[in-house]
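# Descriptive analysis of the structure
Residue strings, one per chain:
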Amino acid sequence: MRDLIGSHDLLFVTLDTLRYDVATELAEAGRTPNLARALPDGWERRHSPASFTYAAHQAFFAGFLPTPTTPGPHPRLFAAAFPGSESTGDETWVFDAPDVVTGLAAAGYHTVCVGGVGFFNRKPPLGAVLPGLFAESHWEPEFGVAAPGCFEAQLDRIATVVPAVPPEQPLFLFVNVAAMHQPNRHYLPGAERDNRDSHAAALEYVDRHIGRLFALASSRDRNCLVVLCADHGTAYGEDGHSGHRLGHEVVWTVPYGQFVLEPGAWGKPGDWE
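Summarised in this report is the structure supplied together with it. What you see is a predicted model; the values in this text were computed from it and never measured. (Residues numbered from 1 in each chain as written. Predicted model: local features only at pLDDT ≥ 70, side-chain atom pairs only at ≥ 80, totals over all residues. Heavy atoms only, no water.)

## As for the overall build of the protein chain
We apply this condition: Each helix is a run of H or I in the DSSP string that is no shorter than four residues. Each strand is a run of E no shorter than two, and both are numbered from the N terminus. This radius of gyration counts C-alpha atoms alone. The globule rule is 2.2 Å times how many residues there are, raised to the power 0.38. Charge counting follows a simple rule: Lys and Arg are positive, Asp and Glu are negative, and His as well as the terminal groups are ignored. A single reference atom marks each charge: NZ on Lys, CZ on Arg, CG on Asp, CD on Glu.
Check the secondary structure of the protein chain and you find 8 helices and 12 strands. What you see for the protein chain is a C-alpha radius of gyration of 18 Å, in line with the 19 Å of a compact globule of 273 residues. Taking the principal axes of its C-alpha atoms as reference, the protein chain extends roughly 50 × 45 × 40 Å. Charge-centre separation for the protein chain: the mean point of 19 positive side chains lies 3 Å from the mean point of 32 negative side chains.

As structure tokens, then:
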């Protein structure tokens, strides 16, 4: 990543609460064609640094993205300057700041957060910590976990944000997608409670619209590095567990992918509306 700073835009998307097993099953079954197009080699299996949104994102922004499950150490994509780090490699972009958002701003990037779950809503002080890192942040109830059209509403806002950034300035766009988080039963007709199937249906909903996000991110005249992952998974009765913020395989194991978008690679944003 070190050689891309300044020349590339950056898009970081967290698919909040998305389980690795569900993501891979849907990909193999052909139920998420747009994600399959973006990730032709499939999802990478990784471990999250935390079991719930706030802690995971604090780690992410400090440079601790989900870790490959094979023995390490694994060189990190970006990292805060820290003496003795064993995971800072030759290609790691090292920033002299406590978080990557501040580091990118110092490197000339316009930083934008489009939040989803409650840790991005700026209502209580805790909900202002993560979006407060960014020069520009957006959250509305329509972006949140209870709104069936949450991702579409976020995309509508992003469609106004991206064109407003001066073309000569690189952009760091962060998007937290809330659809997979409970409650998600509204994505599965007839479902009376959240379950693994409604979680899968939520991912299918996101897949139907994610091409528009990639089209928006590639609408500027510069390449865009995309990092796409879950912050944690969630349990639906496994070993008696429900939800997350607990140490279970379905919570710690997350899907991860990264790739570079070339300008116009996903067509015009209006083609996806």
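## Examining helix H6 (residues 150-161)
Put simply, the rule is: A helix's residues, less one, multiplied by 1.5 Å, set its expected span. For the exposure calls, accessible area comes from a 1.4 Å probe over protein chains only, and a residue counts as buried if that area is under 20% of its type's maximum, exposed if over 50%, partly exposed in between. In what follows, residue pairs with any heavy atoms lying within 4.5 Å of each other are defined as contacts.
Compared with an ideal rise of 1.5 Å per residue, which puts 12 residues at 16 Å, H6 spans 17 Å between its outermost C-alpha atoms and is within 8% of the ideal. Of all the positions in H6, only Cys150, Phe151, Ala153, Gln154, Leu155, Ile158 and Val161 are classed as buried. In the core, the buried residues of H6 are packed alongside strand S6 (110-114), strand S7 (136-138), strand S8 (171-177) and helix H7 (196-217).

## What about the environment of alanine 97?
As for its placement among the helices and strands, alanine 97 is situated in the loop between strand S5 (93-95) and helix H4 (100-106). On the basis of relative accessible area, alanine 97 is assigned to the buried category, the value being 15%. Separated by 16 residues in the primary sequence, alanine 97 and alanine 81 have C-alpha atoms spaced 7.3 Å apart. Those residues in contact with alanine 97 that lie beyond four places of it in its chain are Ala80, Thr102 and Gly103.

## A short note on the nonpolar core
We apply this condition: The set of buried Ala, Val, Leu, Ile, Met, Phe, Trp, Tyr and Cys residues whose side-chain atoms join them within 4.5 Å is what this entry labels a nonpolar core.
Ranked by size, the top nonpolar core spans 84 residues in total, and within it Leu11, Leu173, Leu213 and Phe214 carry the most contacts. The leading source of residues in this core is H7, at 12 residues. Beyond its immediate sequence surroundings of up to four residues, leucine 11 is in contact with Leu173, Val175, Leu213, Phe214, Ala217, Cys224, Leu225, Val226 and Val227.

## Concerning the packing of helix H1 (residues 20-28) against H7
For clarity, the threshold we go by: Interaxial angles span 0 to 180 degrees and are taken between N-to-C directions of axes, which are lines fitted to C-alpha atoms, for helices over the stretch in contact. What sets the label is the angle itself: under 35 degrees gives roughly parallel, over 145 gives roughly antiparallel, 65 to 115 gives roughly perpendicular, and the rest give oblique. Note on convention: near helix rotated counterclockwise from far helix by under a right angle means a left-handed crossing. Clockwise means right-handed. Under the convention adopted here, Pro, Cys and the residues Ala, Val, Leu, Ile, Met, Phe, Trp and Tyr are nonpolar, Asp, Glu, Lys and Arg are charged, and Gly plus all remaining residues are polar.
At their nearest, the axes of H1 and H7 sit 10 Å apart, and the two run at 60° to each other. Judged by the inter-axis angle, H1 sits oblique to H7. Of the two elements, H1 crosses H7, and the hand of that crossing is right-handed. Counting all contacts with H1, which are made through Asp21, Val22, Ala23, Glu25 and Leu26, the residues of H7 involved are Arg196, His199, Ala200, Leu203 and Glu204. For the contact of H1 with H7, the class distribution of residues is 5 nonpolar, 1 polar and 4 charged.

## Details of the side chain of arginine 19
So the rule is basically this: Definition of a polar contact: a pair of N or O atoms within 3.5 Å, with one able to donate and the other able to accept a hydrogen when the atoms are protein atoms, and with sequence-neighbouring residues admitted only if both atoms are side-chain atoms.
Following the sequence through the fold, arginine 19 ends up in the loop between strand S1 (9-15) and H1. At 2.9 Å, the side chain of arginine 19 and the side chain of glutamate 238 are in polar contact. Setting aside its immediate chain neighbours within four residues, arginine 19 contacts Arg196, His199, Gly233, Thr234, Ala235, Tyr236, Glu238, Val250 and Pro255.

## Quick notes on the sheet that holds strand S2 (residues 44-47)
In sheet architecture, strand pairing relies on hydrogen bonds along the backbone and comes in two forms, parallel and antiparallel. In plain terms, the rule: Any two strands with at least two DSSP bridges between them are considered paired.
Ordered by their spatial adjacency, 8 strands build an open sheet running S3-S2-S12-S9-S1-S8-S6-S7, and the pairing between neighbours is mixed. Every interior strand has two partners, whereas the edge strands, strand S3 (67-68) and S7, have only one. One ladder, built from 6 bridges, connects strand S9 (residues 224-229) with strand S12 (residues 253-261); its direction is antiparallel. Bridge assignment links valine 227 to a residue of S12, and that residue is glutamine 258. Strands S6, S7 and S8 of the sheet are contacted by H6, whose axis makes an angle of about 165° with S8. The strands that H7 touches are S1, S8, S9 and S12; relative to S1, the one it contacts most, it runs at about 165°.

## A closer look at the environment of glutamate 142
As for its position among the elements, glutamate 142 is in the loop between S7 and H6. The residues contacting glutamate 142, other than those within four sequence positions of it, are Ala147, Gly149, Cys150 and Ala153.

## Quick word on the pattern of salt bridges
Side-chain pairing between opposite charges can occur once the charged atoms of the two side chains come close. Inclusion rule: The term salt bridge refers to a side-chain nitrogen of Lys or Arg lying within 4 Å of a carboxyl oxygen of Asp or Glu.
For the structure shown, the criterion picks out 13 salt bridges. For arginine 220, the salt bridge goes to aspartate 9, with nearest N and O atoms at 2.7 Å. Of this pair, arginine 220 sits in the loop between H7 and S9 while aspartate 9 is found in strand S1, placing the two residues 211 residues apart along the sequence. Summarising the burial analysis for this pair, arginine 220 and aspartate 9 share the class buried. Each of Arg19, Asp21, Glu25, Arg196 and Glu238 takes part in one network of salt bridges that share partners.

## Structural notes on the packing of H6 against H7
The geometry of H6 relative to H7 is characterised by a closest axis approach of 10 Å and an angle of 10° between their N-to-C directions. Overall, the two elements H6 and H7 adopt an arrangement that is roughly parallel. Counted together, Cys150, Phe151, Glu152, Leu155, Asp156, Ile158 and Ala159 of H6 and Tyr205, Val206, His209, Ile210, Arg212, Leu213 and Leu216 of H7 form the full contact between these two elements. A breakdown of the residues in the contact of H6 with H7 according to their chemical character gives 10 nonpolar, 1 polar and 3 charged.

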